[in-house]
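One-letter residues, chain by chain:
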Amino acid sequence: MTKIDVTVHKAEKLNGEITIPSDKSISHRSSMFAALTGGVVEVQNYSQGADCTSTLNIIKELGCDVEIIGEKHVKIDSKNAFKKDVYNLDCGNSGTSMRLFSGIVASRDIESTLFGDQSLSKRPMKRVILPLELMGAKIKHNDFKAPLVIKGQELFPIDYKSPIASAQVKSCILLAGLNTYGETKVTEPFVSRDHTERMLKYLGADIVTEGNSIKIKKSKLEPKNITVCGDISSAAFFLVAGAITPNSDIILKNVGLNPTRTGIIDVMRKMDADIEILDQKILCNEEVGDIRVKTSDLKATTIEGAIIPRLIDELPVIAVFASQAEGQTVVKDAQDLRNKESDRIKCLVNELQKIGVNIQETQDGFIIEGKNKLKGGCDVDCYHDHRLAMSLYVAGLICEKPVKINEFQWVDISFPEFLGLMESLK
Ligand code: S3P
């Protein structure tokens, strides 16, 4: 990636209508699951982010024929998938690719090495290695970190109680279970995003959800075309920007509104943000709608417990939002933020303090004293983390003096369209 530093200036207003680009989690799953059908699947509105390109490259390596038909439109033919014995799978920066493919390859008679960039090589993989080993998988690893060398084979079904609410862990086990005789069951402490369950159901798998538990039986997937909705995690930067920038009124079109992802809307509303959902519909088993947000007077809140997995990726930008709310906002139970593309508690607190946010780190979150004027007038770092880069940009919109964000190119991991869309609203 070419290094690009970006300077953000105070915005007078944000006005207009934009279409939010494709959901990263759903895009990953669309091409992964297409690779399991043995047929031809067309995916419309596939994410242009580097993470989802890593997944496309992996399915090519696994033997799929991937044709780019048009902008964001891919055709995946998986009739020749999984025909070789040995694979090298480059997951780049993408935790979702590494953890979900682990479940896919562990249950097939192939040997795969999954590796990634520096950041991914430091992230914890024990959370997927342990349940896969319980299913009988043979995995070599570097102290529970990548590279993972997985010698795939017929696995046994398990009834797994996950210690963490993680869609990546849940999906890894379900995908191993999809190719395993008997019933595999996963239970999580709180419900995490359920795109895997919804898409597997859409493609005809034998999968049932009961509360926090999901059961799956060995199934053949039907090759059905998929259209991906917009990403609420990308919309989040605009929701916050619209609510905290003066004189703003924006409409975000085509946003995924799956209830396991809408924690940010619930929290913003609880903090008195002026948010309206317009025109909701269903697209490929996922709720989608348009969202209108206006400049709002905000009040603080506490964010903890079951809502955390429903807004885990939005917490950095929620910190920026809370800096403009009257009172003390407390975020608890979010220790897994330390295991993301960066230590999102420590790095976020460091950088927001530089621009004048009154924020303190805690072991499992942070505490913000709100309604402070942000001075800016400094350089900040994004620690190779796309969501920190965009959260700092949103903070920069309300700083008195310009903020220079170093290595802003990391936004390309999930949202290469970010700057263009932001500029169009100014
Ligand atoms: C994701 C799940 C979440 C999220 C990540 C994408 C997914 O991770 O943070 O950006 O697509 O399944 P965890 O499952 O580790 O919480």
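Along each chain, residues carry numbers from 1 onward, in the same order as the chain's sequence is written. Note on the predicted model: pLDDT of at least 70 is required for a residue's local features to be given, and 80 or more for side-chain atom pairs to be given and counted; whole-chain, interface and lining totals, by contrast, use all residues. With hydrogens and water stripped out, all remaining heavy atoms of the structure feed into the side-chain values.

### As for the sheet that holds strand β19 (residues 302-303)
The condition is simple: Only strands that DSSP links by at least two bridges are regarded as paired with each other. Numbering goes from the N terminus for both helices and strands, where a helix is a DSSP run of H or I of at least four residues and a strand is a run of E of at least two. Two residues form a contact once any of their heavy atoms are found within 4.5 Å. Here the axes come from fitting lines to C-alpha atoms, over the contacting stretch only for helices, and the angles between their N-to-C directions go from 0 to 180 degrees.
Within the open sheet, the four strands sit side by side as β19-β21-β23-β22. Their pairing is mixed. Strands at the two margins of the open sheet, each flanked by one partner only, are β19 and β22 (358-362). Where β19 and strand β21 (residues 328-331) come together, two bridges link them in parallel fashion. When the bridges of β21 are listed, Thr 302 appears paired with Val 330. Most of the contacts of helix α10 (residues 315-322) go to strand β23 (residues 365-369), to which it runs at about 15°, and overall it touches β19, β21, β22 and β23.

### Section: the pattern of salt bridges
It is possible for side chains of opposite charge to pair when their charged atoms get near one another. The cut-off we apply is this: What makes a salt bridge here is a side-chain nitrogen of Lys or Arg within 4 Å of a carboxyl oxygen of Asp or Glu, nothing more.
For the structure shown, the criterion picks out 34 salt bridges. A single salt-bridge network, built from bridges that share partners, covers Arg 123, Arg 193, Asp 313, Glu 341, Arg 344, Asp 385 and Arg 387.

### Overview of the packing of aromatic side chains
Worth spelling out the cut-off: Aromatic pairing here means that ring centres of Phe, Tyr or Trp (its six-membered ring) are within 6.5 Å. Orientation follows from the plane angle: under 30 degrees is stacked, over 60 is edge-to-face, and everything else is tilted. Relative accessibility thresholds used throughout: buried, under 20% of the residue-type maximum; exposed, over 50%; partly exposed, between the two (1.4 Å probe, protein chains only). Charge-over-ring contacts are defined here by two conditions on Lys NZ or Arg CZ: a distance within 6 Å of the ring centre and an angle within 35 degrees of the ring normal.
A complete count under the given rule lists seven aromatic pairs for this structure. Taken together, a centroid distance of 5.8 Å and an interplanar angle of 45° make the contact between Tyr 393 and Phe 408 tilted. Highlighted residues: Tyr 393 in helix α12 (residues 386-396) and Phe 408 in the loop between β25 (399-406) and α13 (418-425), separated in sequence by 15 residues. Both residues of the pair, Tyr 393 and Phe 408, belong to the buried class. Geometrically, the ring pair formed by Phe 408 and Phe 418 is tilted, given 6.0 Å between the ring centres and 50° between the ring planes. Residue Phe 408 is found in the loop between β25 and α13, and its partner Phe 418 is found in helix α13; the two are separated by 10 residues along the sequence. Using a relative accessible area of 0% as the deciding quantity, one classes Phe 418 as buried. A connected cluster of aromatic rings, assembled from ring pairs, spans Phe 237, Phe 238, Tyr 393, Phe 408, Phe 415 and Phe 418. Lying over the aromatic face of Phe 144, Lys 126 brings its terminal NZ or CZ to 4.7 Å of the ring centre.

### Section: the site of the ligand
Using the following cut-off: Here, proximity means that at least one heavy atom of the residue falls within 4 Å of the molecule or strand. Here a polar contact means two N or O atoms within 3.5 Å. Within protein one must be a hydrogen donor candidate and the other an acceptor candidate, and residues neighboring in sequence count only if both atoms are side-chain atoms. A 1.4 Å probe and the Shrake-Rupley method give the accessible areas. Residues count as covered only by the protein chains that appear here. Boundary definitions for the domains trace back to an automatic or database domain assignment.
Inspection of the region around the ligand gives Ser 25, Arg 29, Thr 96, Arg 127, Ser 166, Ala 167, Gln 168, Arg 193, Ile 312, Asp 313, Lys 340 and Arg 387 as its neighbouring residues. Residue Ser 25 places a side-chain N or O atom 2.7 Å away from an oxygen atom belonging to the ligand. With respect to the ligand, the side chain of Ser 166 contributes an N or O atom lying 2.8 Å from an oxygen atom. Within the complex, 95% of the 390 Å² of free accessible area of the ligand lies under protein. Those elements that provide at least two residues to the shell around the ligand are α1 (24-34) and α6 (167-177). Mapped onto the domain boundaries, the shell around the ligand takes at least three residues apiece from domain 1 (6-22 + 229-424) and domain 2 (24-227).

### Structural notes on the sheet that holds strand β2 (residues 15-19)
Strand order in this open sheet of four strands is β2-β15-β17-β16, and the pairing throughout is mixed. Where the open sheet ends on each side, the last strands, each with one partner, are β2 and β16 (274-283). Here the average twist between neighbouring strands, direction ignored, is 15°. Strand direction decides the pairing type here: β16 and strand β17 (residues 286-294), joined by eight bridges, are antiparallel. When the sheet's bridge partners are listed, Ile 275 is paired in β17 with Val 293. In the packing of helix α8 (residues 232-244) onto the sheet, contacts are made with β2, β15 (249-256) and β17, and the angle to β15 comes to roughly 165°.

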